[in-house]
Amino acid sequence: MSEVESTTLTNTAATSAQGERAALMRLDHVTVEFPGRDGKAPFHAVDDVSLTISKGDIYGIIGFSGAGKSTLVRTMNVLQRVTSGSVTFNGKEISSLSESELKPVRRKIAMIFQHFNLMPSRTVLDNVTLPLVHERISKADAKAKALRLLDLVGIADKANVYPRQLSGGQQQRVAIARALIGDPEILLCDEATSALDPRTTRSILTLLKDLNARLGLTIVLITHQMQVVKDICTRIAVVDHGRLVDDGGILDVFAHPTSELTREFIYTSGNINKGLELVRTHDLFAAERDAGNVYLLSSVGQGAEETLMADVHRRYGVTGNIIFGNVDVIHDTPFGMILVSLEGTPDAVRGALEYFATVGVEATPLADVHVNETQAEGEDDE
Ligand SMILES: Nc1ncnc2c1ncn2[C@@H]1O[C@H](COP(=O)(O)OP(=O)(O)OP(=O)(O)O)[C@@H](O)[C@H]1O
Ligand SMILES: [Mg+2]
């Protein structure tokens, strides 16, 4: 079996395993409308979104600022009421429940935020036990449970200090312990690592992944950074102006992005911007640029670009010069992006491009490759 065939099979297997897992949270045609400001027409912060989050998913929601990510996720614990559509949790429609009916439901749907939202005047231990204040549980039991959770998130020794005495990463760990105290089934994370430096971000992502594996905790993770998605998410939804423009298993979306925005996020996260800048501006590449034969090739599951180049040379007499390359590993599968100039007759190059499509390699002409500069900068200075 060729490498390509085996990849396709693996992806299909992953997809059907996903299909068999029980749906935990389902949004059906959810729309959230806000009144327009300054006499403007009302607008849809969330626009007809349908999605399913299964038990055990780490579900990434990515989009630019103002895309509607927070509003979308707030419909999942009904902090935000939907204008139309419905939200179903564990098979039960929750979007039209009253505030008192929502109380027990919300215990199972926990949330953490970018700025941790801890009570500064209370100790770490008291912050963690706070959600249990009105529950039928003794103080001693609540304390014991909080201490177990603080141990689980790696800060057992901080129980008696105040939030201001902790680093950002430690404060987020307290927030996670507090979120877990009601034994939630799902944890909603709204930009939970955006205020943290890169190393702390990785440690918090590792903790979330660990909680997912150990407790079977389902996680929804809002981010504007594709790197976060690549690090831990099993599924991804891309949001643009309130609409879902792509969603699915992470490798499927990387292999077959359907929207420009998704492509942009993928290219940017592969540092392709650096190679693009070189090809587009440097004299060294003037000939390739002018010939109009520079392409970005991207593929899931194929490690060896050299083999691919050797193939098109043998089959079509096309020489592929690799200008820039990047390989990521997403869930143990290589994801490669290379910028190549293809040299050969127009017919031969066309043949090579058709061949790429048959082996699951996406080829995009240089002129159609767009990266987002602000996101690229954001990821650089992480
Ligand atoms: N309560 C509200 N009333 C009116 N408009 C709102 C309200 N909440 C959000 N919006 C608007 O809805 C749009 C989506 O906002 P939202 O906060 O969901 O975006 P986001 O993707 O989370 O952005 P960010 O990445 O900056 O957090 C924005 O234009 C925002 O100004
Ligand atoms: Mg937001």
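Quick caveat, the model's predicted, so the values are computed rather than measured.

The rules behind these values
Counting from 1, residues in each chain are numbered in the order their sequence is written. Written order determines the labels here, with chains lettered from A and ligands numbered from 1. Residues qualify for local features only when their pLDDT is at least 70, as the model is predicted, and side-chain atom pairs are given and counted only at 80 or more; totals for whole chains, interfaces and linings, by contrast, use all residues. Side-chain descriptors were evaluated using all non-hydrogen atoms of the structure, hydrogens and water having been removed beforehand. Numbering of helices and strands runs from the N terminus; a helix is a DSSP stretch of H or I covering at least four residues, while a strand is a stretch of E covering at least two. In what follows, residue pairs with any heavy atoms lying within 4.5 Å of each other are defined as contacts. Per-residue accessibility takes into account occlusion by the displayed protein chains alone, with areas from the Shrake-Rupley method and a 1.4 Å probe. A carboxyl oxygen of Asp or Glu within 4 Å of a side-chain nitrogen of Lys or Arg is what we treat as a salt bridge. Burial status follows relative accessibility: with a 1.4 Å probe on protein chains alone, a residue under 20% of its type maximum counts as buried, one over 50% as exposed, and anything between as partly exposed. When at least one non-hydrogen atom of a residue lies within 4 Å of a molecule or strand, that residue is treated as near it. Nitrogen and oxygen atoms within 3.5 Å of one another constitute a polar contact, given that in protein one can donate a hydrogen and the other can accept it, and given that sequence-neighbouring residues count only through two side-chain atoms. By the convention adopted, Pro, Cys, Tyr, Trp, Phe, Met, Ile, Leu, Val and Ala count as nonpolar, Lys, Arg, Asp and Glu as charged, and the other residues, Gly among them, as polar. Here, any two strands with at least 2 DSSP bridges between them count as paired.

Student: How would you sum up the overall build of the protein? Please name residues and give values.
Tutor: Helix and strand counts for the protein stand at 15 helices and 14 strands. By its C-alpha atoms, the protein is 80 × 50 × 45 Å across when sized along the principal axes. The long-range fraction of contacts in the protein, counting pairs at least 24 apart against all pairs at least 6 apart in sequence, stands at 70%. Working note: accessible area of the protein is about 18000 Å², and carbon and sulfur atoms make up 50% of it.

Student: I'd like a description of the pattern of salt bridges, backed by residues and values.
Tutor: What the rule picks out here adds up to 11 salt bridges. Where Asp28 meets Arg26, a salt bridge forms, and the shortest distance between an N and an O atom there is 2.7 Å. Under the relative-accessibility criterion, Arg26 is labelled partly exposed at 37%. Across the pair Lys145 and Asp183 runs a salt bridge whose closest N-O atoms are separated by 2.9 Å. Pair noted here: Lys145 is in helix H5 (residues 139-152) and Asp183 is in the loop between helix H6 (168-180) and strand E7 (186-190), with a separation of 38 residues, a long-range link. When its relative accessible area of 16% is taken as the criterion, Lys145 is described as buried. Taken together, the shared-partner salt bridges connect Arg81, Glu99 and Arg106 into one network.

Student: Can you lay out the site of ligand 1 for me, pointing to particular residues and giving the numbers?
Tutor: The full set close to ligand 1 counts 13 residues, and Ser65, Gly66, Lys69, Ser70 and Thr71 are the nearest of them. With respect to ligand 1, the side chain of Ser65 contributes an N or O atom lying 2.5 Å from an oxygen atom. In the environment of ligand 1, an oxygen atom lies 2.5 Å from a nitrogen or oxygen atom belonging to the side chain of Thr71. For ligand 1, whose accessible area on its own is 640 Å², the fraction buried by protein is 62%. For the shell around ligand 1, the elements supplying multiple residues, two or more each, are strand E2 (43-54) and helix H2 (69-74). Here the shell around ligand 1 takes 3 residues from H2, the largest share from any one element. In terms of residue class, the shell around ligand 1 is built from 5 nonpolar, 5 polar and 3 charged.

Student: A description of the sheet that holds E2 should follow, citing residues and the corresponding values.
Tutor: Taken together, the 4 strands give an open sheet; going across it, the order is E2-E1-E4-E5, and neighbouring strands pair in antiparallel fashion. Among the strands making up the open sheet, the edge pair consists of E2 and strand E5 (92-93). Relative to E5, strand E4 (residues 84-89) runs antiparallel, the two sharing 2 bridges. Bridge pairing links Thr88 to Glu93 in E5.

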